[in-house]
Amino acid sequence: MSQYDLLLAGAGHAHLGVLRRWALVERPPGRIALLSPGPEAWYSGMLPGLLAGRYAAADCRLELQPLCRAAKVELIEGEIAALDATSRQVELADGRRLAAEWLALNVGAAVAAPPQQGDAMQLLAVKPFAGFLAGWQQWQAEPRRLAILGGGAAGVELALALAGQVPALALFCAGPLLAGHAPGLRLRALGHLRQRGVQVREHCPIGRIEDDWLLSGDEPVWCGRRLLLASGARAWPWLAASGLACDEQGFVAIRPSLQSQSHAQLFAVGDCASLAGARRSGVYAVRQGPVLAANLQAALQGRPLRQYRPQRHSLALLATGDGGALLAWHDWSAGGQFYGRCKDWLDQRFIQRHRLVG
Ligand SMILES: Cc1cc2nc3c(=O)[nH]c(=O)nc-3n(C[C@H](O)[C@H](O)[C@H](O)COP(=O)(O)OP(=O)(O)OC[C@H]3O[C@@H](n4cnc5c(N)ncnc54)[C@H](O)[C@@H]3O)c2cc1C
């Protein structure tokens, strides 16, 4: 079994920030590794642009090896299948075992899927991105009518990127479209979706799939053979099985120091973690990066830890698939090509900032 002083599990947004900081400023002492299922990290903010044909795949992903080399961190390719929180030992899907004195989890989340009876309907989850893109390429070769599950920012962006690439597109939301966002953003998004011919079904939770039907309650609401899942985050089952204190949905319960509530030598950030006031979005994961970098350094050197305070509001920027974007801040919203250029600039800046050469 390989032993590390610190293991960073998952190349999520916060860990990318940690590696960048350590590459540019100061890295804590000891043997440190990053564990990632593949050699690249995909940037979700640019995925809608990639699907709309505005970006190439290479624009939207980061090679991890140069960043790790610059931060003097080992890159291990592998995927956690099981974790023992008390001993901080992980078992990888291929059977390898790793142990660490300190462990940080930034492993994102899976996508929720309704129970399915029969295999008449093909399901494609938006994450992990590499698998999604491979599946989408196959679907694209033979376009068919499509339904998208999920009326959050991701579902709306995907619908706007894909409308026009399939003969008919329906978008299903359990509640109102873009719940929790500024009311003006919802109206603007509905206008764009209507203009592109997307059939939007709000307040229509899909409870199960039977053959080629989507059912809401007992009512069949859509018939087809392709369903794209952008239906919110579901915790990896191995988190709750690890012995870590988790919230009722199975996400790791953390303190403001980003440490697990039950295991102080284990940190968790981004979508896999649960902290009052922190939303599951890349923006929050990115903001946790600097606090995590400082706290891991402090933890390894026995110094006091900082507190992360989630921002009360965050800027929403949704790509409309035509180079434009919708923007919302508090209750204010706007839209147009100018905001699309702002989004492109911010997204490309994120990628450029992490393209370090070691
Ligand atoms: C289409 C789409 C568009 C989006 N656009 C935006 C946006 O514009 N702005 C925004 O703020 N949010 C956006 N989001 C939400 C955003 O993607 C997530 O909230 C964000 O990625 C969460 O970041 P994270 O750091 O927690 O994890 P992620 O970025 O999901 O990274 C998790 C990492 O962990 C790795 N991993 C997973 N399982 C394991 C395992 N078992 N072992 C080891 N490693 C593992 C993965 O490979 C991945 O590298 C979008 C989501 C989608 C689907």
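Because the structure is predicted, anything quoted here is derived from the model rather than measured. (Residues numbered from 1 in each chain as written. Predicted model: local features only at pLDDT ≥ 70, side-chain atom pairs only at ≥ 80, totals over all residues. Heavy atoms only, no water.)

**A closer look at the domain arrangement of the protein**
Along its sequence, the protein is organised into domain 1 (2-37 + 78-109 + 235-312) and domain 2 (111-232). Its C-alpha centre places domain 1 at a distance of 31 Å from the equivalent point of domain 2. (Domains from an automatic or database assignment.)

**What about the nonpolar core?**
Among the nonpolar cores identified, the biggest contains 115 residues, and Trp22, Leu105, Phe172 and Leu214 are the most heavily contacted of them. Residue-level mapping places this core at the junction of two domains, with at least three residues from each of domain 1 (2-37 + 78-109 + 235-312) and domain 2 (111-232). Here phenylalanine 172 is in contact with Ala147, Ile148, Leu149, Gly150, Gly151, Arg201, Cys204, Ile206, Leu214, Val221 and Trp222, once residues within four sequence places are set aside. Ranked by size, the runner-up nonpolar core spans five residues in total, among them Leu317, Ala325, Leu327 and Ala334. (Core = buried A, V, L, I, M, F, W, Y, C linked by side-chain atoms within 4.5 Å. Buried < 20%, exposed > 50% of the residue type's maximum accessible area, 1.4 Å probe, protein only. Contact = heavy atoms within 4.5 Å.)

**Some points on the site of the ligand**
Around the ligand sit 28 residues, and of these His13, Ser44, Ile80, Asp271 and Gly282 come closest. Within the backbone of histidine 13, an N or O atom sits 2.8 Å from an oxygen atom of the ligand. At 2.7 Å from an oxygen atom of the ligand is found a side-chain nitrogen or oxygen belonging to serine 44. Alone, the ligand offers 990 Å² of accessible surface; in the complex the protein occludes 86% of this. Counting residues per element, the ones that place at least two in the shell around the ligand are helix 5 (153-162) and helix 8 (282-300). The residue makeup of the shell around the ligand, split by class, is 11 nonpolar, 11 polar and six charged. Taken together, domain 1 (2-37 + 78-109 + 235-312) and domain 2 (111-232) each give at least three residues to the shell around the ligand, which thus spans both. (Near = heavy atom within 4 Å. Polar contact = N/O pair within 3.5 Å; in protein donor to acceptor, adjacent residues only side chain to side chain. Areas by Shrake-Rupley, 256 points an atom, 1.4 Å probe, with all protein chains shown as cover. Helix = DSSP H or I, 4+ residues; strand = E, 2+ residues; numbered from the N terminus. Nonpolar A, V, L, I, M, F, W, Y, C, P; charged D, E, K, R; others polar.)

**Some details on the sheet that holds strand 25 (residues 332-336)**
In space, the three strands of this open sheet follow the order 23-24-25, with antiparallel pairing throughout. At either margin of the open sheet sits one strand with a lone partner, and together these are strand 23 (316-319) and strand 25. Adjacent strand axes in the sheet meet at a mean angle of 15° when their direction is disregarded. Sheet analysis places strand 23 next to strand 24 (residues 325-329), joined by four bridges and oriented antiparallel. Bridged to alanine 319 within strand 24 is alanine 325. Contacting strand 23, strand 24 and strand 25, helix 6 (residues 183-195) crosses the sheet at an angle of about 170° to strand 24. (Pairing = 2+ DSSP bridges. Axes fitted to C-alpha atoms, helices over the stretch in contact; angles between N-to-C directions.)

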